[in-house]
Amino acid sequence: MPVLKNLISTKELTLPSGAKVVCLAELPFGDSLEVAEAENDIKRALATVKGMVQSWDFTDEAGVMLEVTLENIALLPNSDAQSIMNYIGELYQEKAETKKAAAKAATEPEKAVE
């Protein structure tokens, strides 16, 4: 029987604050529903970050690691949030360009090899 596990690759980012964040290379299917049901762009962005951030080294004042939650994501400094969103935006841009190239290749007639 196949084992169900997360096969999505990850990347560690160092944020402007110096914090380390481990992000997925794509949004897991299960998190897509939360993003789709978001009421506005801000909530959609927060849900996307929550789905793609696997871990981070943010702590509370007592040194206890903070979970990746919507409430904690909302507390990120703007520069850190923007850095994560830039990473996500670059991923989506790369995927869009790959899809566009594949669609173009599929519609172009093959060139004869002489």
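Everything here concerns the structure above.
Below is a summary of the structure that appears in this document. (Residues numbered from 1 in each chain as written. Predicted model: local features only at pLDDT ≥ 70, side-chain atom pairs only at ≥ 80, totals over all residues. Heavy atoms only, no water.)

**A few points about the packing of aromatic side chains**
Next, step 1: A complete count under the given rule lists one aromatic pair for this structure.
Next, step 2: Plain terms: the ring middles of tryptophan 56 and phenylalanine 58 are 5.0 Å apart, the flat faces sit at 85° to each other, and that makes the pair edge-to-face. The exposure classification of tryptophan 56 matches that of phenylalanine 58, with both residues buried. (Phe/Tyr/Trp six-rings, centres within 6.5 Å; stacked < 30°, edge-to-face > 60°. Buried < 20%, exposed > 50% of the residue type's maximum accessible area, 1.4 Å probe, protein only.)

**Here's the deal with the environment of methionine 85**
Next, step 1: Tracing the backbone through its elements, the reader meets methionine 85 in helix α4 (residues 78-107).
Next, step 2: Exposure remark for methionine 85: the relative accessible area of 29% places this residue in the partly exposed category.
Next, step 3: Separated by 56 residues in sequence, methionine 85 and phenylalanine 29 have C-alpha atoms that sit 19 Å apart.
Next, step 4: Excluding residues within four positions of it along the chain, methionine 85 makes contact with Ala45 and Val49. (Helix = DSSP H or I, 4+ residues; strand = E, 2+ residues; numbered from the N terminus. Contact = heavy atoms within 4.5 Å.)

**Observations regarding the packing of helix α2 (residues 41-52) against α4**
Next, step 1: Packing of α2 against α4 brings their axes to within 11 Å, and their N-to-C directions diverge by 85°. Viewed along their axes, α2 and α4 adopt a mutual orientation that is roughly perpendicular. On the side of α2, the interface is formed by Ala45, Thr48, Val49 and Met52, while α4 contributes Ile84, Met85, Ile88, Leu91 and Tyr92.
Next, step 2: Its residues placed into classes, the contact of α2 with α4 shows eight nonpolar, one polar and no charged. (Axes fitted to C-alpha atoms, helices over the stretch in contact; angles between N-to-C directions. Parallel < 35°, antiparallel > 145°, perpendicular 65-115°, else oblique. Nonpolar A, V, L, I, M, F, W, Y, C, P; charged D, E, K, R; others polar.)

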